[in-house]
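Results of the structural survey
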Amino acid sequence: MITRIFQVIETDVFSLIDKGTNPKGAVSIVNYEDKTYCFSSSCASCKIPLTKAKVLEPNDETEDDARLQCDFCGATYNLKTGEPVQKEGGKLLGFLFSKSEDVPLPVYGLGEQGGKVFINVPN
């Protein structure tokens, strides 16, 4: 099963803002099989927005955790830990970014209190 339903949330959190690639400190949120994941809105490898990325089902490498594959460079990550995992097939431009494929995708914890959702981000 492949999922592509992401919600991009602009946080305006200073530590997430990058004037060149993420001026509003946006994060992406996706729900997959009753698990909600929050992660960087851009690929850690190629820095392209992940709005068209694919959420892939878990495999032996990620155990119960879904995987995320960048639609541009093909970098694939464990959605819970952000650690890079083996690619699911190749991508045409993936070779351009192969040196940065070992960079983890930033992931963030989510919490809820009083009907409000909180994102646990670094300072």
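Cut-offs applied
Residues numbered from 1 in each chain as written. Predicted model: local features only at pLDDT ≥ 70, side-chain atom pairs only at ≥ 80, totals over all residues. Heavy atoms only, no water. Helix = DSSP H or I, 4+ residues; strand = E, 2+ residues; numbered from the N terminus. Polar contact = N/O pair within 3.5 Å; in protein donor to acceptor, adjacent residues only side chain to side chain. Core = buried A, V, L, I, M, F, W, Y, C linked by side-chain atoms within 4.5 Å. Buried < 20%, exposed > 50% of the residue type's maximum accessible area, 1.4 Å probe, protein only. Contact = heavy atoms within 4.5 Å. Pairing = 2+ DSSP bridges. Disulfide = S-S within 2.5 Å. pLDDT = per-residue confidence, 0-100. Axes fitted to C-alpha atoms, helices over the stretch in contact; angles between N-to-C directions.

With respect to the side chain of Ser40
Mapped onto the elements, Ser40 comes out in strand β3 (residues 35–40). Of the polar contacts made by the side chain of Ser40, one reaches the backbone oxygen of Ser42; its length is 3.0 Å.

Overview of the nonpolar core
Core analysis: the biggest nonpolar cluster contains 19 residues, and Phe39, Cys43, Leu50, Val55, Leu68 and Leu79 have the highest contact counts within it. Breaking this core down by element, the ones donating at least two residues are β2 (26–32) and β3. Among residues more than four places away in sequence, those in contact with Leu68 are Phe6, Phe39, Leu50, Ala53, Lys54, Val55, Ala75, Thr76, Tyr77, Leu79 and Leu105.

Thoughts on the environment of Val55
The topology assignment puts Val55 in strand β4 (residues 54–56). Val55 gets classed as buried once you look at its relative accessible area, which sits at 0%. Residues Val55 and Leu68, 13 residues apart in the sequence, show an inter-C-alpha distance of 4.6 Å.

Structural notes on unusual backbone geometry
For Glu33, which is not glycine, the phi torsion reads 50 degrees and is therefore positive. With respect to the helices, strands and loops of the structure, Glu33 is situated in the loop between β2 and β3. Classification of Glu33 as exposed rests on a relative accessible area of 58%.

A look at the environment of Ile48
Within the secondary structure, Ile48 sits in the loop between β3 and β4. Measuring from C-alpha to C-alpha, the distance between Ile48 and Asp71 comes to 9.0 Å, with 23 residues separating the pair along the chain. Ignoring any residue separated from it by four or fewer positions in sequence, one finds Ile48 in contact with Ser41, Ser42, Cys43 and Phe72.

Section: the sheet that holds strand β7 (residues 84–85)
Read across the open sheet, the 4 strands follow the order β4-β5-β6-β7; overall the sheet is antiparallel. Lying at the two open borders of the sheet, with one neighbouring strand each, are β4 and β7.

Description of the state of the cysteines
A complete count under the given rule lists 0 disulfides for this structure. The thiol of Cys46 is unpaired, and the distance to the nearest cysteine sulfur, on Cys70, comes to 3.7 Å.

Things to note about the side chain of Ser41
Mapped onto the elements, Ser41 comes out in the loop between β3 and β4. Separated by 3.5 Å, the side chains of Ser41 and Asn22 make a polar contact. Aside from chain neighbours lying at most four places away, what touches Ser41 is Asn22, Ala26, Val27, Ser28, Ile48, Pro49 and Leu50.

Structural notes on the confidence of the model for the protein chain
Mean pLDDT over the protein chain: 84, with 85% of residues reaching 70 or higher. Confidence, expressed as mean pLDDT per element, reaches its minimum in the protein chain at strand β9 (residues 116–120) with 85 and its maximum at strand β6 (residues 76–78) with 95.

What about the sheet that holds β9?
Strand order in the open sheet formed by 5 strands is β1-β2-β3-β8-β9, with antiparallel pairing between adjacent strands. The two strands at the open ends of the sheet, each matched to only one other strand, are β1 (7–10) and β9. Neighbour-to-neighbour, the strand axes of this sheet turn through a mean angle of 35 degrees, independent of strand direction. Bridge count between β1 and β2: 4 bridges; the pairing is antiparallel. Residue pairing in the sheet places Val8 in a bridge with Ser28 of β2.

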